[in-house]
Amino acid sequence: MADLAVQTDLTEARIASLTMPEGTWVAPLRADALARLRAMGLPQRRDEYWKYTRPDTLTQVEAPKAAVLKTDEAPVFDGVERLRIVFVDGVFDAEASDDLSLEGVTVERLAMADSDLHWAKNLYGVLETRGQTPVARPLAALNTAYATDGVLIHVTGKPSKPINLTYHHKSDSSDAILHHCIKLDEGAEVTILENGPAAARFNKVMEVEVADRASFHHIRAQGRDHERRAATHIFTRLGTESAFRSFTMTVNGVLTRNECVIELTGDDAIANVAGACVGDGDFLHDDTVFITHDAVNCESRQVFKKVLRNGATGVFQGKILVKAGAQKTDGYQISQSLLLDGDSQFLAKPELEIYADDVACSHGSTSGAIDEDAMFYLRSRGVPEGEATNLLTLAFLAEAVDEIHHEELREDMTARLAAWLTRHST
Amino acid sequence: MLSIKNLQVKLEDEDKQILKGVDLEVEAGKVHAIMGPNGSGKSTLSYVLSGKGGYEVTGGSAELEGVDLLDMEPEERAAAGLFLAFQYPVEIPGVGNMTFLRTAVNAQRKARGEEEMSAAEFLKVVRAKAKDLKIDADMLKRPVNMGFSGGEKKRNEILQMAMLEPKMCILDETDSGLDVDAMKLVAEGVNALRSEGRGFLVITHYQRLLDHIKPDVVHIMANGRIVKSGGPELALEVENNGYADILAEVV
């Protein structure tokens, strides 16, 4: 009982520190989310779902300080033709953003969407709520209740360029909460790019409704600031013959928890979620994925690769749930870590729960060092040890990066990872 | 070119002496062959010369053009001009063959203070050399040795040798796992590289490779030592009578 009292105090203290933004249609949805949050309570260290990642700094009232990284490196996606939407420490930056009009899509800000008949009424907090069972995700409910802004994207066609959400980090004590809703109509297609460290502490939810035969692509680069913290959630529901593809690159960050909750509810749908992360020293990266197969002949792939050194920690919790009747499911899950020294660790909990009898599901989770034979082979050809390590490390990450179905962006991500490895070479 | 004197080597983790005093001189422009029964130390010799871990040199020396090899890192030995064609070329998933070759060529050039090869120049050279070895564009694009047949792997070794242009080439049982046609192709590749300034050390179990790569000197290795040296006729003797006679004669 003592734990419960502590948890209630913690949750109430956090709630008291936040102000619920006003709104029309969104107000009751926020109130519902607050009720959900109170019922669940914020996560604690003893929660099974937070066994490997300490949630304290994500739930405490004040965001721990995080220095802003000074870098001369060109921002990610710089050369890509795109519609830019910029947030600075979670606050929309109109000057840095492009005009939000683009054919095939309507883009609005959550903070500005007042119409009481707004389409987002049927999406905001809806997929988040669905994602609360069987496992509670209180930080997502907190987000739905208190998000200060975000974008509402309704994709009706096939916009000619990607939409890029950029999150700048300027203040070392910023605490940002953003919530995005993306609705793809039947047959629609969109690519969403995200980049930047966002804030000292960032809580972000993205709800994505993918209608029949629609296709959603998502490529994200979480910023390089060393001390930043982030808890992000993606909730998505997929219709018949639709596709969802999401790739995340994470370099640095003292604490990152990326949750991805996917429901395949239409037959013949495809969901791919992948991540490549590199961490050095005070770094914890947690990929938590929950994929529910609730339709026939769907395919899901999870490919997560982590490179860890100098005491960095990697966490993977990935589950495939195949419901009764979800026959011909093809579920693939792989999570691997390359430990570049004996101080780093990888904690993995792959899970399969299957109630259909005609499915193919596989999962693999490994951690290991650089292959010595490959290393000697490269060195015997004149490649110095450091360069050989980087080459083999990039090769290890390639399987995840290859999940990006866009050549230019794939090459850019590879180049970024290579640059990080070169900077962090011993 | 390559000068090995009384080289003694044991396994690092075990009290097991493998090489018990090997003496060998390979002159520039010459092809030396080492033959010998299983476990005689032939492969160990090639690994120790190229710097593989797991061995401890307990005595003797090995020099390439007067420079101590044993004191150098594997990549430094490569840059100094030593090349080992592996008995079992390593598969490296995720690293493209072209990337691998270009990284190696340029790393060696850099180490020697030479200018790096441009992408265009490299492509031109590698395509021409690959063609001679019947290595197609697909093999160049694939990850290093991944999905290559035994013959393709060995041809890929020779391609690397051709690109890196080493001074001293060691071929460790390059004929193993090859059919007659593949062996001919590999041998042609090697012969094309024979030149005044380059030495070869060809390690093999069988005489048949030496029909295609004609050696100047043949050595018989047994129990960690070179026990007999002679001309090409020594290889034929082994082929006809096996090692037993020669070893009996020596002992």
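So, a few notes on the structure that sits alongside this text. Starting afresh in each chain, residues are numbered from 1 along the sequence in its written order. Both sets of labels track the order of writing: A upward for chains, 1 upward for ligands. For a predicted model such as this one, the threshold for reporting local features is a pLDDT of at least 70, and the threshold for listing and counting side-chain atom pairs is 80 or more; totals across whole chains, interfaces and linings nevertheless cover every residue. Water and hydrogen atoms play no part in the side-chain values, which are based on all heavy atoms of the structure.

1. Side note on the sheet that holds strand β10 (residues 229-238) of chain A
The strands making up a sheet associate through hydrogen bonds between their backbones, and the pairing can be parallel or antiparallel. Residues and elements named next belong to chain A. Read across the sheet, 9 strands follow the order β3-β4-β6-β8-β10-β12-β14-β16-β18 without closing on themselves; strand pairing throughout is mixed. What marks the edges here is a single partner per strand, and that holds for β3 (105-109) and β18 (345-354). Sheet twist, expressed as the mean angle between neighbouring strand axes with direction ignored, is 5°. At least two DSSP bridges between two strands are needed for those strands to be called paired. In this description a helix means any DSSP run of H or I spanning at least four residues, a strand means any run of E spanning at least two, and both kinds are numbered starting from the N terminus. Pairing of strand β14 (residues 284-293) with strand β16 (residues 313-322), which is carried by 10 bridges, proceeds in the parallel orientation. Within the sheet, the bridge partner assigned to His285 lies in β16 and is Gly314. Angles run from 0 to 180 degrees between N-to-C directions of axes, and those axes are lines fitted to C-alpha atoms, restricted for helices to the stretch in contact.

2. Here's the deal with unusual backbone geometry
Residues and elements named next belong to chain A. The omega torsion of the bond from Thr133 to Pro134 falls at 0°, within 30 degrees of zero and hence cis. Within the element layout of this structure, Pro134 appears in the loop between α4 (126-130) and α5 (138-146). Positive phi, normally seen in glycine, also occurs at Ala198, with a value near 75°. Note that Ala198 resides in the loop between β7 (189-196) and β8 (201-210). Of note, the phi angle at Asn310 is positive, near 55°, even though the residue is not glycine. Considering the arrangement of structural elements, one finds Asn310 in the loop between β15 (299-309) and β16.

3. Structural notes on the nonpolar core
Residues and elements named next belong to chain A. Counting 117 residues, the largest nonpolar core has Phe247 and Met413 as the members making the most contacts within it. The contact partners of Phe247, leaving out residues within four places of it in the chain, are His218, Ile219, Arg220, Ala274, Gly275, Ala276, Ala400, Val401, Ile404 and Met413. Residues enter a nonpolar core if they are buried and are Ala, Val, Leu, Ile, Met, Phe, Trp, Tyr or Cys, with the set joined through side-chain atoms within 4.5 Å. Only protein chains enter the area calculation, which uses a 1.4 Å probe; residues under 20% of their type maximum are buried, those over 50% are exposed, and those in between are partly exposed. Listed in part, the 50 residues of the second largest apolar core include Phe92, Ile192, Ile234 and Phe304. We call two residues contacting when some pair of their heavy atoms lies within 4.5 Å.

4. What to know about the side chain of His293(A)
Residues and elements named next belong to chain A. Here His293 lies in strand β14. The exposure class of His293 is buried, given its relative accessible area of 0%. In this structure the side chain of His293 is engaged in a polar contact, spanning 2.9 Å, whose partner is the side chain of Ser300. Every residue in contact with His293, bar those within four places of it in the chain, is listed here: Leu264, Cys298, Glu299, Ser300, Ile320, Leu321, Val322, Lys323, Ala326, Thr329 and Asp330. Any N or O atom pair separated by 3.5 Å or less is treated as a polar contact, with the protein-specific requirement of one donor-capable and one acceptor-capable atom, and with residues adjacent in sequence counted only for side-chain atom pairs.

5. What about a negative patch on the surface?
To count toward a patch, a residue needs a relative accessible area above 30% and no salt bridge. Like charges then connect within 9 Å, nonpolar side chains (Val, Leu, Ile, Met, Phe, Trp, Tyr) within 5 Å. We get accessible surface area from the Shrake-Rupley algorithm with a probe of 1.4 Å; when it comes to residues, only the shown protein chains can shield them. Salt bridges are identified by distance alone: a Lys or Arg side-chain nitrogen within 4 Å of an Asp or Glu carboxyl oxygen. Only four residue types enter the tally: Lys and Arg on the positive side, Asp and Glu on the negative side, with His and both chain ends excluded. Just so you know, the charge point we use is NZ for Lys, CZ for Arg, CG for Asp and CD for Glu. Taken together, the side chains of Glu387(A), Glu115(B), Glu116(B) and Glu121(B) make up a negatively charged region of the molecular surface. By secondary structure assignment, the location of Glu387(A) is in helix α7 (residues 385-401). The exposure class assigned to Glu387(A) is partly exposed, which follows from its relative accessible area of 36%.

6. A closer look at the packing of aromatic side chains
Residue and element names in this part refer to chain A. Working definition: a ring pair exists when centres of Phe, Tyr or Trp rings (six-membered ring for Trp) sit within 6.5 Å. Plane angles under 30 degrees give stacked, over 60 give edge-to-face, the rest tilted. Under the defined criterion, the tally for this structure stands at 10 aromatic pairs over all chains. Arranged with centres 6.0 Å apart and planes meeting at 85°, the rings of Trp25 and Tyr124 form a pair that is edge-to-face. Of this pair, Trp25 sits in the loop between α1 (2-17) and α2 (26-40) while Tyr124 is found in the loop between β3 and α4, placing the two residues 99 residues apart along the sequence. Exposure remark for Trp25: the relative accessible area of 3% places this residue in the buried category. You can call Tyr124 buried: its relative accessible area is 1%. Judged by centre distance (5.0 Å) and plane angle (55°), the rings of Tyr167 and Phe202 are tilted. Pair noted here: Tyr167 is in strand β5 (residues 163-168) and Phe202 is in strand β8, with a separation of 35 residues, a long-range link.

7. Considerations on the interface of chain A and chain B
Counting residues at the interface gives 16 residues for chain A, matched by 29 residues for chain B. A quick way to say it: buried area is the sum, across both parts, of accessible area lost when two parts are put together, with a 1.4 Å probe. Buried area between chain A and chain B, summed over both chains or domains, comes out near 1800 Å², and the portion from carbon and sulfur atoms is 69%. At the junction of chain A with chain B, the criterion picks out 3 salt bridges. Here Arg381(A) makes a salt bridge to Glu157(B), at a shortest N to O gap of 2.7 Å.

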